[in-house]
Amino acid sequence: TVTINKTFQHLKGRDLITDPKTPKSNRVIRIPDFLVKEIQDYIAQLYAITPEDRLFAVSKNQLTREMARASKAAGVKKIRIHDLRHTHISQLIEMGFSAVAIGDRVGHESVDITYHYAHLKMSVFLIFMRTFFIKKFRYTPQQRCCKSKK
């Protein structure tokens, strides 16, 4: 597991460790065993690390620049770091996890915040249904419901 109980911020030229924004942001997240092993191996390679040290000494700006470089090299649209969080939530919805479980994992204060992402699942379903109706029956659902009786 990973315990989330601090937030790292860079404000006015200073690195600050603060409490998370909301009480729900304090959480314990289950991670796969292989990832636990990777993190343990990584920590073992660090010199004289203490519990107060950051595991990853990379700034948000450095990560943003590297993601932009990698996106350009891969020929894909550049995304923000926070978009990775949105992608994770969307994938969990697609996998069928409940909004409550997802909200607990990502620290949403309200399940309504998680439901905001549910439109993604519905939009995929609607695209599938529209394509199915057009290919199978040669008409759209709108044509069927709006067809006048003779």
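Everything discussed here concerns the structure shown above.
Residues numbered from 1 in each chain as written. Predicted model: local features only at pLDDT ≥ 70, side-chain atom pairs only at ≥ 80, totals over all residues. Heavy atoms only, no water.

Asker: Explanation requested: the overall build of the chain in the structure shown.
Answerer: On a plain count of helices and strands, the chain comes out with seven helices and four strands. Ordered by position in the sequence, the α and β elements of the chain form the string β-β-β-β-α-α-α-α-α-α-α. When the 150 residues of the chain are sorted by exposure, 15% land in the buried category. Restricting to contacts in the chain with at least 6 residues of sequence separation, those with at least 24 account for 39%. (Helix = DSSP H or I, 4+ residues; strand = E, 2+ residues; numbered from the N terminus. Buried < 20%, exposed > 50% of the residue type's maximum accessible area, 1.4 Å probe, protein only. Contact = heavy atoms within 4.5 Å.)

Asker: Explain the nonpolar core to me, please; I cannot follow it from the model alone.
Answerer: For soluble globular proteins, the rule of thumb is that nonpolar side chains tend to be buried together. In terms of nonpolar packing, the biggest core is built from five residues, these being Ile-89, Leu-92, Ile-93, Ile-102 and Val-106. Those elements giving two or more residues to this core turn out to be α3 (81-94) and α4 (99-106). With three residues, α3 is the largest single contributor of residues to this core. (Core = buried A, V, L, I, M, F, W, Y, C linked by side-chain atoms within 4.5 Å.)

Asker: Would you mind going over the pairing of strand β2 (residues 7-11) with me for this structure?
Answerer: Where a strand is regular, its side chains alternate between the two sheet faces. Sheet topology note: the β2/strand β3 (residues 14-18) ladder contains five bridges and is antiparallel. Counted as the bridge partner of Leu-11 is Arg-14 from β3. Hairpin connection, β2 to β3: the antiparallel pair is bridged by two residues, and Lys-12 has positive phi, about 50°. (Pairing = 2+ DSSP bridges.)

Asker: Please clarify how the pattern of salt bridges should be interpreted in this entry.
Answerer: It is possible for side chains of opposite charge to pair when their charged atoms get near one another. Summed over all chains, the structure comprises four salt bridges. Linking Lys-37 and Asp-41 is a salt bridge whose minimum nitrogen-to-oxygen distance equals 2.9 Å. Residue Lys-37 and its partner Asp-41 are located together in helix α1 (residues 33-45), separated by four residues, close to a single helical turn. On the basis of relative accessibility, which here comes to 46%, the residue Lys-37 falls in the partly exposed class. Here Asp-41 falls in the partly exposed class, since its relative accessible area comes to 33%. As a salt-bridge pair, Arg-69 and Glu-66 come within 2.5 Å of each other at their nearest N and O atoms. Taken as a pair, Arg-69 and Glu-66 lie in helix α2 (residues 60-74) at a separation of three residues, close to a single helical turn. With a relative accessible area of 48%, Arg-69 lands in the partly exposed category. The partly exposed category is assigned to Glu-66, whose relative accessible area is 39%. (Salt bridge = Lys/Arg side-chain N within 4 Å of Asp/Glu carboxyl O.)

Asker: Quick question: what am I supposed to make of α3 here?
Answerer: Note on helix geometry: an α-helix contains 3.6 residues per turn, so any two residues three or four positions apart are oriented the same way. With 14 residues, α3 extends 21 Å from end C-alpha to end C-alpha; this agrees with the ideal 20 Å at 1.5 Å per step. Taken as a whole, α3 has its buried residues at Asp-83, Ile-89, Ser-90, Leu-92 and Ile-93. Just downstream of α3, Gly-96 is the residue with a positive phi angle, here 95°. (Expected span 1.5 Å × (residues − 1).)

Asker: It is not clear to me how the environment of Phe-97 should be interpreted in this structure. Could you clarify?
Answerer: Structurally, the position occupied by Phe-97 is in the loop between α3 and α4. Given the relative accessible area of 47%, Phe-97 is considered partly exposed. Not counting the four nearest positions on each side in its chain, Phe-97 is found in contact with Leu-92 and Ile-102.

Asker: How should a nonpolar patch on the surface be read in this particular structure?
Answerer: Judged by side-chain polarity, Phe-56, Val-58 and Leu-63 come together as a nonpolar surface patch covering roughly 270 Å² of accessible area. Position of Phe-56 among the secondary structure elements: in the loop between α1 and α2. (Patch = residues over 30% accessible without salt bridge, like charges linked within 9 Å, V, L, I, M, F, W, Y side chains within 5 Å. Areas by Shrake-Rupley, 256 points an atom, 1.4 Å probe, with all protein chains shown as cover.)

Asker: What is the right way to look at the packing of α3 against α4 in this model?
Answerer: Packed helices, taken two at a time, are described by the angle between their axes plus the distance between the axes. Two numbers describe how α3 lies on α4: the axes approach to 10 Å, and their chain directions differ by 155°. Taken together, the axes of α3 and α4 are roughly antiparallel relative to one another. Along this stretch, α3 crosses α4, giving a crossing that reads as right-handed. Where α3 approaches α4, its residues Arg-85, His-88, Ile-89, Leu-92 and Ile-93 are matched on the opposing element by Ile-102, Arg-105 and Val-106. Here the contact of α3 with α4 is composed, by residue class, of five nonpolar, one polar and two charged. (Axes fitted to C-alpha atoms, helices over the stretch in contact; angles between N-to-C directions. Parallel < 35°, antiparallel > 145°, perpendicular 65-115°, else oblique. Left-handed = near helix turned anticlockwise from the far one by under 90°. Nonpolar A, V, L, I, M, F, W, Y, C, P; charged D, E, K, R; others polar.)

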